[in-house]
Amino acid sequence: MKTKTSDRKPQDKSAGKSPATGVIAPEIRPGQSIELLKELHILTVEGKLNQDSRRKLKQVYHLFQFIEKLLLELPAKATGATLADHGAGKSYLGFIIYDLFFKALNTGHIYGVETRPELVQKSRELATKLGFERMSFLNLSVAESAQSDELPAQIDVVTALHACDTATDDAIAFGLQKHAKFMVLVPCCQAEVARCLSQHKALSLTRTPLAELWRHPLHTREMGSQITNVLRCLYLEAWGYQVTVTELVGWEHSMKNELIIARYTGQKKRAAAQRLRALLQEFGLSGLLETRFTLPQDNAVDNETLG
């Protein structure tokens, strides 16, 4: 049995309206708490949006639309859905998901994971002020959170919005460990693969003309970012996820625009594992098989010729 939108409590009719005018701003979703948006400094004290806040709100809302559909697909259970938001920052995403989805339910829990203690404390204080009782904020790195007793053994949805560099990979590892049904990732500032490409650049240039694609530093960074996300998608497929890659918002709003949605099917794709190994070998990155992209036991061998 799936959670239904009709199961939610009636929304506060005053929510989503400016206290000064009583008119719902076109950018604000019905049911959205104006007090929350002000506390997050998305709205001014007068209930207005500036250009930067409008862009930020549009991005978070667009991501919420994807996440809401996934939450509604989850089978109903007594404890409700669980969501872990990695690299939470000021927890814009977590608070808005709670306000628009979890608040109306009597079950479910959101965990915000963030390394900056001052942001964690502010989020805890805001959750208490707003009565968002089923939100927890943990002062941990993504990698540390996988070993923390403060999170349950199973998490339904894992999100990572602009988690920098390898934090996105740590979020994927966390999702695999927690048997996540869904992962929603917006990668940011990938540097690990770019560093590896730079280290082996001279050898690669003598070995293959493809190395011209990352001979210049700017191209190295761009290629590293592109390769990293391709590898992540193959890795998720090898572990039994169906992967969709799309835009988060238009390029005019953000250059960090790639959205990866992974849905667990349980069908571990050996072909994806083979292509992952082949790409790592081609780009001189095979060492990552032992650290970042460890494959399932039944997919770890590559003894077939890819067509």
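Please refer to the structure higher up on the page.
For clarity, every value in this text was computed on a predicted model and none was experimentally measured. (Residues numbered from 1 in each chain as written. Predicted model: local features only at pLDDT ≥ 70, side-chain atom pairs only at ≥ 80, totals over all residues. Heavy atoms only, no water.)

Draft legend 1. Molecular detail of helix H10 (residues 270-282). Taking 1.5 Å of rise per residue, 13 residues should cover 18 Å, and H10 covers 18 Å from first to last C-alpha, within 8% of that figure. Residues of H10 that are buried make contact with helix H9 (217-238). Gly-284 sits one or two positions beyond H10 and adopts a positive phi of about 70 degrees. (Helix = DSSP H or I, 4+ residues; strand = E, 2+ residues; numbered from the N terminus. Expected span 1.5 Å × (residues − 1). Contact = heavy atoms within 4.5 Å.)

Draft legend 2. Main features of the pairing of strand E4 (residues 157-164). Within E4, six of the eight residues are buried, leaving the element largely enclosed by the surrounding structure. Relative to strand E5 (residues 182-188), E4 is paired through six bridges, and the arrangement is parallel. If you follow Val-157 over to E5, its bridge partner there is Phe-182. Handedness of the crossover joining E4 and E5 through helix H6 (residues 167-177): right-handed. (Buried < 20%, exposed > 50% of the residue type's maximum accessible area, 1.4 Å probe, protein only. Pairing = 2+ DSSP bridges. Right-handed = clockwise from strand over helix to strand, strands pointing away.)

Draft legend 3. Broad picture of the environment of Ala-238. Summarising the element assignment, Ala-238 is placed in helix H9. Taking relative accessible area as the criterion, Ala-238 reaches 0% and is therefore assigned buried. The sequence separation of Ala-238 and Leu-295 amounts to 57 residues, and the corresponding C-alpha distance is 7.1 Å.

Draft legend 4. Spatial organisation of the packing of H9 against H10. Look at H9 against H10: their axes get within 8 Å of each other, and the N-to-C directions meet at 150 degrees. Relative to H10, H9 is oriented roughly antiparallel. Where H9 crosses over H10, the handedness of that crossing is left-handed. Residues Val-230, Leu-231, Leu-234, Tyr-235, Glu-237 and Ala-238 of H9 touch H10, and the partners they reach there are Ala-272, Ala-273, Arg-275, Leu-276, Leu-279 and Leu-280. In terms of residue class, the contact of H9 with H10 is made up of ten nonpolar, no polar and two charged. (Axes fitted to C-alpha atoms, helices over the stretch in contact; angles between N-to-C directions. Parallel < 35°, antiparallel > 145°, perpendicular 65-115°, else oblique. Left-handed = near helix turned anticlockwise from the far one by under 90°. Nonpolar A, V, L, I, M, F, W, Y, C, P; charged D, E, K, R; others polar.)

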